[in-house]
Amino acid sequence: MLPHQTAFLELALQHEVLKFGQFTLKSGRSSPYFFNLGKISSGAAMARLARAYAQALQLAGLEFDMLFGPAYKGIPLATAVAYALSEDGRDVPYAYNRKEAKDHGEGGTLVGAPVQGRVVIVDDVLTAGTALREAVAMIRAAGANPVAAVIALDRMEKGKGALSAVAEMEADTGVRVIPLVTVREILSYLRDQGAAGPEGVVEAIEAYQARYGVN
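Residues numbered from 1 in each chain as written. Predicted model: local features only at pLDDT ≥ 70, side-chain atom pairs only at ≥ 80, totals over all residues. Heavy atoms only, no water.

### Quick look at helix H3 (residues 74–87)
Just so we agree on the cut-off: By definition, any uninterrupted DSSP run of H or I lasting at least four residues is a helix, any uninterrupted run of E lasting at least two residues is a strand, and each is numbered from the N terminus. Here a helix's expected span is defined as the number of its residues, less one, multiplied by 1.5 Å. Buried means the residue's accessible area, taken with a 1.4 Å probe over protein chains only, is under 20% of the maximum for its type, while exposed means over 50%, and partly exposed covers the values in between.
The first and last C-alpha atoms of H3 sit 20 Å apart over 14 residues, in line with the 20 Å expected at 1.5 Å per residue. Of all the positions in H3, only Gly-74, Leu-77, Ala-78, Ala-80, Val-81, Ala-82, Ala-84 and Leu-85 are classed as buried. The positive-phi residue at the C-terminal boundary of H3 is Gly-89, with phi of around 95°.

Structure follows, in structure tokens:
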């Protein structure tokens, strides 16, 4: 496991982003773990999170010109990741969208830097992929090229068919999806850190993946 992945999982457990128990997902599935990036709600925690995103993006070896944060959770993420990249010596512009178009002032739905060139979308988790697909459409409508989306977690579960939601998103849009971690890294971390989760959680997640997961 890479250092930024370990750092991210430490942060996720410390702030209860990653919780264990029985949770009903939007899909109706009963999951032994739940992931809520909204639990990151302080400056110091957001700085740590942004560094993990920035490192994942840098390690991906992508050529990109700017960041885009889909409303709402993607807005602070894109902002923080742009700041983290600047600390590493790269000043990257960013933009985001409003949920509703503004009919006064500058108007429109896009805010921030002009959306142009090669764009990386920064968001929390891909579930059905609706928000990311909308972001891809907005970026292309602006005349720019969405090259990738960086997300926190890939649950590696089947989507509508045999493919995962991430693989469906990539196939539908042609946009690469880069997760900070997948469920495989979660399991690896829990096995290495025996006390990180409640007893039996590794077995429960493995059973869940055997039923709903993809290879």
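### Thoughts on the UniProt feature "binding site: orotate" (unreviewed entry) in the chain
The following threshold applies: UniProt positions are given in the numbering used here, feature names are shortened, and annotations may be inferred rather than shown by experiment.
Per the UniProt entry, the sites bearing "binding site: orotate" (unreviewed entry) are Phe-34, Phe-35, Thr-127 and Arg-155 in this numbering. Across 122 residues, the annotated set stays spatially compact, with a maximum C-alpha separation of 12.2 Å. Mapped onto the elements of the fold, Phe-34 is located in strand S2 (residues 30–35). Following the sequence through the fold, Thr-127 ends up in the loop between strand S6 (118–122) and helix H4 (130–141). A relative accessible area of 51% means that Thr-127 is categorised as exposed.

### Observations concerning unusual backbone geometry
Put simply, Ala-71 and Tyr-72 share a cis peptide bond, and its omega is 5°. Tracing the chain through its elements places Tyr-72 in the loop between strand S3 (66–69) and H3. Phi angles above zero are rare outside glycine, and Glu-16 is one such case at about 60°. Checked against the element boundaries, Glu-16 lands in the loop between helix H1 (3–14) and strand S1 (18–24). Although it is not a glycine, Met-156 adopts a positive phi angle of roughly 55°. Locating Met-156 in the fold gives a position in the loop between strand S7 (145–154) and helix H5 (165–173).

### Re the environment of Val-17
Quick note on the threshold: In what follows, residue pairs with any heavy atoms lying within 4.5 Å of each other are defined as contacts.
Secondary-structure assignment places Val-17 in the loop between H1 and S1. Put simply, Val-17 and Gly-213 are 196 residues apart on the chain and 21 Å apart in space, counted from C-alpha to C-alpha. In this structure Val-17 touches Ala-12, Phe-34, Phe-35, Asn-36, Leu-37, Lys-39 and Ile-40, once residues within four positions along its chain are discounted.

### A word on the side chain of Asn-97
Heads up, the condition is: Think of a polar contact as two N or O atoms within 3.5 Å of one another; within protein, one of them needs to be a possible hydrogen donor and the other a possible acceptor, and neighboring residues in sequence only count if both atoms come from side chains.
Looking at the secondary structure, you find Asn-97 in strand S4 (residues 94–102). Given the relative accessible area of 7%, Asn-97 is considered buried. Within the local environment of Asn-97, its side chain forms a polar contact with the backbone nitrogen of Ala-71, the two atoms lying 2.9 Å apart. For Asn-97, the residues in contact, after removing those within four places along its chain, are Phe-68, Gly-69, Pro-70, Ala-71, Ile-75, Thr-109, Leu-110 and Met-138.

### A few points about the packing of aromatic side chains
Test applied: Pairing of aromatic rings covers Phe, Tyr and Trp, the last counted by its six-membered ring, and requires centre-to-centre distances within 6.5 Å; plane angles under 30 degrees mean stacked, over 60 mean edge-to-face, and any other angle means tilted. Placement of a charge over a ring requires the Lys NZ or Arg CZ to be within 6 Å of the ring centre, with the centre-to-atom vector within 35 degrees of the ring normal.
The full count for this structure, using the stated rule, is three aromatic pairs. Between the aromatic rings of Tyr-208 and Tyr-212, the centroid separation amounts to 4.9 Å while the plane-to-plane angle is 55°, which identifies the pairing as tilted. Of this pair, Tyr-208 and Tyr-212 both sit in helix H7 (residues 201–212), separated by four residues, roughly a single helical turn. With respect to burial, Tyr-208 and Tyr-212 carry one shared label: buried. Over the aromatic face of Tyr-33 sits the side chain of Arg-155, whose NZ or CZ is 4.1 Å from the ring centroid.

### Some details on the pattern of salt bridges
Two side chains that carry opposite charge are able to pair once their charged atoms sit near each other. Rule in force here: Definition used for salt bridges: Asp or Glu carboxyl oxygen within 4 Å of a side-chain nitrogen of Lys or Arg.
By the definition in use, this model includes six salt bridges. Between Glu-157 and Arg-29 there is a salt bridge; the shortest N-O distance is 2.8 Å. One end of the pair, Glu-157, is in the loop between S7 and H5; the other, Arg-29, is in the loop between S1 and S2, with 128 residues separating them in the sequence. Neither residue differs from the other here; Glu-157 and Arg-29 are each classed as buried. Residues Arg-155 and Glu-157 are paired through a salt bridge, measuring 2.5 Å at the closest nitrogen-oxygen approach. Three or more residues are tied together by salt bridges with common partners; here these are Arg-29, Arg-155 and Glu-157.

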